[in-house]
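Coordinate analysis (summary)
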2 protein chains.
Amino acid sequence: MTNQGGRREGAGRPKGSNQYGEPTRPVRLPVSQVERVLRFVREREHELPLYACGVSAGFPSPADDYSEGTLDLNTHLVRQPAATFFARARGDSMIGAGIHDGDLLVVDRSLTAEDGKVVVVSINGELTVKRMRREKGVTWLVPENSDYPPIQFQEQDEAHLWGVVTNVIHSL
Amino acid sequence: MTNQGGRREGAGRPKGSNQYGEPTRPVRLPVSQVERVLRFVREREHELPLYACGVSAGFPSPADDYSEGTLDLNTHLVRQPAATFFARARGDSMIGAGIHDGDLLVVDRSLTAEDGKVVVVSINGELTVKRMRREKGVTWLVPENSDYPPIQFQEQDEAHLWGVVTNVIHSL
DNA sequence: TTCTTGAAATATGTAACAGAATTCAAAAAG
DNA sequence: CTTTTTGAATTCTGTTACATATTTCAAGAA
C-alpha cells in the first residue's frame, strides 16, 4: 500500500516559500514591541500608497495598484537620521517661503548651508529660520516678509548655524 | 574556603535589568530586516528631537535634552494608517492654502468632509484638490486662486470624494 | 479524469541552552 | 579598619534545536 515514500525530487514545501521570500532568524525583542514590529515587517504598515493629482490615470482605488507606488514618510523625509531634527516655526517672517506659524520643519545638520538655502540659526539662544544669502563675502539672513529686515550673520558665540531646512510640514 | 555558596537574597544580576526594562521573547524576522528593526527598537532611530523656534530656552544642543521632546513623523502625521494615502499636488490652484506644485499631501479617508475642509476628489478619473464649501444644500469645490473658478460638486459616477487633506509637505 | 490520501520537505513559533554580564558578600590584602 | 580580590548566584542574550503546522508531489481510489 504505502509505496509513496522515498526521496523524491520537488516533494514537500518549496525552499524559500516563506512569507518573506528570504531566510529568517529569531531575534529577541521586548514583548510590548513585538506586535508593532511584526506589523511593521509583515504588512509594511508605514508604506502608504501615493497617487498623482491632475493626471488622468483611469479610476484609482486604494484597493487597486498604486499609480505612483508607495512611500514611507520617515525614509522619504529623513535621509540622515543621526543629523536630522525637527523645529516648530513661529511667526510669519518666512511666509514667502511657504513657512507658516506653527509649521514643522525638517532640518538636516549634515547639509552645507549654501547661498539661497533656508537655514536654522540660533541667535542669542533663540532658534530662528531665515534664507541665507552670501554677497561679496558677507552673509545675510533674509526673512521672506517685507515687514522684517535682513540681518547680517557672523558665526560667533551668540550666533550659530544649526542646519538646513529640507521640508516644511503644514497642518490644515 | 568556599563559603560563598548557597541561596542568597539579592545576589546575581537584578531581575528586569535588561536593556529594555521589560521581558523579551524571540521573534523570527527576515535576515535583511534584522539590523533595521534592532535600530528601530533599540535606538529609536525614527524618533528625532523637536525644538521650538523663537523661544529663548537657553542654548539648545542636539546632544542635550530636547526642549519639545521627540517626534516620529509616521506616528504624528498618519493617525489611521489603513485609511491614509499620499497625493502629489499639481498646479497652483490651491496656492492660497499653502499647497504648491509638487507638494506631498497626507490624505485621511476616515475623516468626514465638513464645510471648509480641503479635500481630494476624483473628477473624470483625475484626482484634484479643492476646499469644500456647503451652502444652502449645495456643495462647492473652491480653488484658493482667483484664476480658477469654483465648481459644483455632486457625488456621482464621474465625481467621487476620496478624503480630507490633513497635512501638506513642501520641499525646499 | 478527478478526488483522496500518505509521505516528504520546509516554515514557524518557542523552549532550551551556553556563554556573557552583573551583583553580593566572603576572604584576602594593605 | 578599609580597600581590593575572588567565587558563587542569578539574570541577560544570542542562537540552536525541536515539535508542530503547512505545503507539495504523486500514488491509489473513485
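Everything numeric here is computed off the predicted structure, so don't read it as measured data.

So, about the nonpolar core. Counting residues in hydrophobic clusters, the biggest one holds 20 residues, and the most contacted among them are L73, F86 and I169 of chain A together with L73, F86 and I169 of chain B. Where this core is concerned, the elements lending two or more residues are β2 (48–52), α2 (73–77) and β5 (104–108) of chain A together with β2 (47–52), α2 (73–77) and β5 (104–108) of chain B. Setting aside its immediate chain neighbours within four residues, I169 of chain A contacts L77, D103, L104 and V106 of chain A together with L73, L77, N167, V168 and I169 of chain B.

Before going further, it helps to examine the relation of the copies chain A and chain B. Its rotation angle being 180°, the transformation that places chain A on chain B also includes 0.0 Å of axial translation and leaves an RMSD of 0.2 Å. When the rotation and shift are considered jointly, the pair of chain copies conforms to a two-fold rotation axis. No C-alpha of chain A lies nearer the rotation axis than that of I169 of chain A, which sits 2.3 Å from it. Of all interface residues in chain A, 100% are interface residues in chain B too; the two copies therefore contact each other through one and the same surface.

For N74 of chain A, the position within the fold is in helix α2. Not counting residues within four places of it along the chain, the set of residues in contact with N74 of chain A comprises H46, D72, L73 and N74 of chain B.

Between chain A and chain B, the residue contacts involve 76 residues of the former and 76 residues of the latter. A combined buried area of about 7100 Å² lies between chain A and chain B, and 65% of that area is made up of carbon and sulfur atoms. The largest share of the area that chain A buries against chain B comes from C53, F86 and L172 of chain A, three residues that together contribute 10% of it. If you look at where chain A meets chain B, you find two salt bridges.

Residues and elements named next belong to chain A. Applying the stated criterion across every chain, the model contains 12 salt bridges over all chains. E45 is the salt-bridge partner of R39, the closest N and O atoms lying 3.1 Å from each other. Classification of R39 by relative accessible area gives partly exposed; the value is 30%. Residue classification places E45 among the partly exposed residues on the basis of a relative accessible area of 33%.

On to helix α1 (residues 31–43) of chain B, then. For α1 of chain B, spanning 13 residues, the distance from its first C-alpha to its last is 19 Å, which sits close to the expected 18 Å at 1.5 Å a residue. For α1 of chain B, the set of buried residues is Q33, V34, V37, L38, F40 and V41 of chain B. In this fold, the buried residues of α1 of chain B make contact with β1 (24–30) and α1 (31–43) of chain A together with β1 (24–30) of chain B. A positive phi of about 45° marks R44 of chain B, the residue just after α1 of chain B.

Here M132 of chain B is to be found in strand β7 (residues 126–135). Put simply, M132 of chain B and K117 of chain B are 15 residues apart on the chain and 5.6 Å apart in space, counted from C-alpha to C-alpha.

This brings us to the confidence of the model for chain A. For residues with low pLDDT, the predicted coordinates do not support detailed interpretation. Residue-level pLDDT values for chain A average 84, and 87% of them are 70 or greater. By mean pLDDT, the top-scoring element of chain A is β1 of chain A (96), and the lowest-scoring one is strand β9 (residues 151–153) of chain A (83).

Glancing now at the pairing of strand β7 (residues 126–135) of chain A. Within a regular strand, the side chains alternate between the two sheet faces. Residue and element names in this part refer to chain A. Pairing of strand β6 (residues 118–123) with β7, which is carried by six bridges, proceeds in the antiparallel orientation. Directly across from V119, in β7, lies its bridge partner K130. Here β6 folds back onto β7 in antiparallel fashion, the turn holding two residues, of which N124 has a positive phi close to 55°. Linkage of β7 to strand β8 (residues 138–142), two consecutive antiparallel strands, is achieved through a turn of two residues, within which K136 is found at a positive phi near 50°.

For the rest of this paragraph, the subject is the packing of α1 of chain A against α1 of chain B. As a packed pair, α1 of chain A and α1 of chain B sit with axes 12 Å apart at the nearest point and diverge in direction by 135°. It follows that α1 of chain A is oblique to α1 of chain B by the angle criterion. When you trace α1 of chain A past α1 of chain B, the crossing you get is right-handed. Contact residues: α1 of chain A offers Q33, R36, V37, F40 and V41 of chain A, while α1 of chain B offers Q33, R36, V37, F40 and V41 of chain B. Classifying every residue of the contact of α1 of chain A with α1 of chain B by side-chain character gives six nonpolar, two polar and two charged.

Another aspect to go through is the packing of aromatic side chains. Enumeration according to the criterion identifies three aromatic pairs over all chains in this entry. Consider the rings of F85 of chain A and Y51 of chain B, whose centres lie 5.1 Å apart with planes at 85°: the pair is edge-to-face. Taken together, the positions of F85 of chain A in strand β4 (residues 84–88) and Y51 of chain B in strand β2 put the pair across two chains.

It is worth spelling out unusual backbone geometry at this point. The bulk of non-glycine residues show a negative phi, and the bulk of peptide bonds are trans. Phi at R44 of chain A takes a positive value of approximately 45°, unusual for a residue other than glycine. Its place among the elements puts R44 of chain A in the loop between α1 and β2. A residue is classified by how much of its surface remains accessible, and R44 of chain A, at 36% relative accessible area, is partly exposed. Of note, the phi angle at K136 of chain B is positive, near 50°, even though the residue is not glycine. Here K136 of chain B is to be found in the loop between β7 and β8 (138–142). Looking at K136 of chain B, the relative accessible area reads 82%, which means it is exposed.

Parameters at a glance
- Residues numbered from 1 in each chain as written.
- Chains lettered and ligands numbered in written order.
- Predicted model: local features only at pLDDT ≥ 70, side-chain atom pairs only at ≥ 80, totals over all residues.
- Heavy atoms only, no water.
- Core = buried A, V, L, I, M, F, W, Y, C linked by side-chain atoms within 4.5 Å.
- Buried < 20%, exposed > 50% of the residue type's maximum accessible area, 1.4 Å probe, protein only.
- Helix = DSSP H or I, 4+ residues; strand = E, 2+ residues; numbered from the N terminus.
- Contact = heavy atoms within 4.5 Å.
- Least-squares fit on C-alpha atoms with pLDDT ≥ 70 in both.
- Buried area = accessible area lost by both parts, 1.4 Å probe.
- Salt bridge = Lys/Arg side-chain N within 4 Å of Asp/Glu carboxyl O.
- Expected span 1.5 Å × (residues − 1).
- pLDDT = per-residue confidence, 0-100.
- Pairing = 2+ DSSP bridges.
- Axes fitted to C-alpha atoms, helices over the stretch in contact; angles between N-to-C directions.
- Parallel < 35°, antiparallel > 145°, perpendicular 65-115°, else oblique.
- Left-handed = near helix turned anticlockwise from the far one by under 90°.
- Nonpolar A, V, L, I, M, F, W, Y, C, P; charged D, E, K, R; others polar.
- Phe/Tyr/Trp six-rings, centres within 6.5 Å; stacked < 30°, edge-to-face > 60°.

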